[in-house]
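# Geometric and topological summary
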Amino acid sequence: MNTIEDSINQRIAARIRIERESRGWSLTELAERAGVSRAMIHKIERGESSPTATLLGRLSGAFGISMSMLIARAEMQEGKLLRFADQPVWHDPQSHYLRRHVSPRSDLPIDLVQIELPAGSDIPMPASSYVQARQLIWLQQGELVFVEGDVRHEMQAGDCLELGPPNDCRFINETTQPCVYLVVRLNPGVS
C-alpha cells in the first residue's frame, strides 16, 4: 500500500472507533449490530486490516449513517471547493472498487460520490446502509446491474435510477470493462 492509501485507511479506522465510542458501544455491541465479527472490527480499528466496501457498508449502517458520510467524516475538511487532487479516494482491497468523494464537506445534506467498478465485480450492500437517505445512481460509463431486493435494474451509460426504500442491494459489473457511476445521496437530518 502506498502512503496516501495507508493514511486514508488509518483515518477511516480512527473514525470507526470514534463513531463506536461516541455511542458508548463496546466492540461486541458494534459487532452484533453490524453482523461483523468482533475480531475483524478490532483489527480494523487497530489498523491491522483494511476494511472492504461491504464491511464499511455494514458498519456505517449500524451507526445509522451512510458509508459516504463515514468516509467523509474521516477524510475531509470543511470548505466550499474540493479540488480534484484533494478529493478523497478509497480503494476496496477485496474487489478493487475505487471510490472518489466528489462533493465538499459542508452543511449541505448531500453526498456526491464517483465509483469505478472493475469488470466482474459484485458488491453487496445491506439495507441498513441506505436508512434515512434518498439516492440516485447515474451511470457515466459502461454497464451496471443494480439489484435492489428482488428487482434487477440493467443500466447503460447515461441512465439514472432513483433507489426505492432501503433494501439489500448488489452492484454488479457483468462485463469485461470497468463501469463508472455517480451516487447522489440526500442525507436528511444529518450534519
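For the structure given in this document, a descriptive report is provided here. (Residues numbered from 1 in each chain as written. Predicted model: local features only at pLDDT ≥ 70, side-chain atom pairs only at ≥ 80, totals over all residues. Heavy atoms only, no water.)

### Structural notes on the packing of aromatic side chains
- Summed over all chains, the structure comprises four aromatic pairs.
- Aromatic side chains tryptophan 90 and tyrosine 97 sit 6.0 Å apart centroid to centroid with 75° between the ring planes, which places their arrangement in the edge-to-face category. One exposure class covers both tryptophan 90 and tyrosine 97, and it is buried.
- Both rings, one in phenylalanine 171 and one in tyrosine 181, keep their centres 5.5 Å apart while their planes meet at 5°; by these two values the pair is stacked. Taken together, the residues span a long stretch of sequence, with phenylalanine 171 in strand S9 (residues 169-172) and tyrosine 181 in strand S10 (residues 179-186) at a distance of 10 residues.
- For phenylalanine 171, a relative accessible area of 7% translates into the label buried.
- Judged by relative accessible area, tyrosine 181 falls into the buried class, the value being 2%.
- Members of the aromatic cluster, each reached through a chain of ring pairs, are Phe146, Phe171 and Tyr181.
- Here arginine 100 stacks its cationic end above the ring of phenylalanine 84, 3.9 Å away from the centre of that ring. (Phe/Tyr/Trp six-rings, centres within 6.5 Å; stacked < 30°, edge-to-face > 60°. Buried < 20%, exposed > 50% of the residue type's maximum accessible area, 1.4 Å probe, protein only. Helix = DSSP H or I, 4+ residues; strand = E, 2+ residues; numbered from the N terminus. Lys NZ or Arg CZ within 6 Å of the ring centre and 35° of its normal.)

### A closer look at the sheet that holds strand S4 (residues 122-125)
- Pairing is antiparallel in the open sheet, where four strands are placed in the order S4-S9-S6-S7. Only two strands of the sheet have a single partner each, and these edge strands are S4 and strand S7 (151-156). Going from strand to strand, the sheet's axes swing by 15° on average, the running direction of each strand aside. (Pairing = 2+ DSSP bridges. Axes fitted to C-alpha atoms, helices over the stretch in contact; angles between N-to-C directions.)

### Some thoughts on the packing of helix H2 (residues 27-34) against helix H4 (residues 53-63)
- It is the contact of H2 with H4, at a shortest axis distance of 8 Å, that shows an interaxial angle of 105°. As judged from the angle between their axes, H2 and H4 are roughly perpendicular. Contact with H2, carried on its side by Leu30, Arg33 and Ala34, involves Arg58, Leu59, Ala62 and Phe63 of H4 and no other residues of that element. (Parallel < 35°, antiparallel > 145°, perpendicular 65-115°, else oblique. Contact = heavy atoms within 4.5 Å.)

### Comments concerning unusual backbone geometry
- Positive phi values are uncommon outside glycine, yet histidine 96 reaches one of about 70°.
- Residue placement: histidine 96 occurs in the loop between strand S1 (89-91) and strand S2 (98-101).

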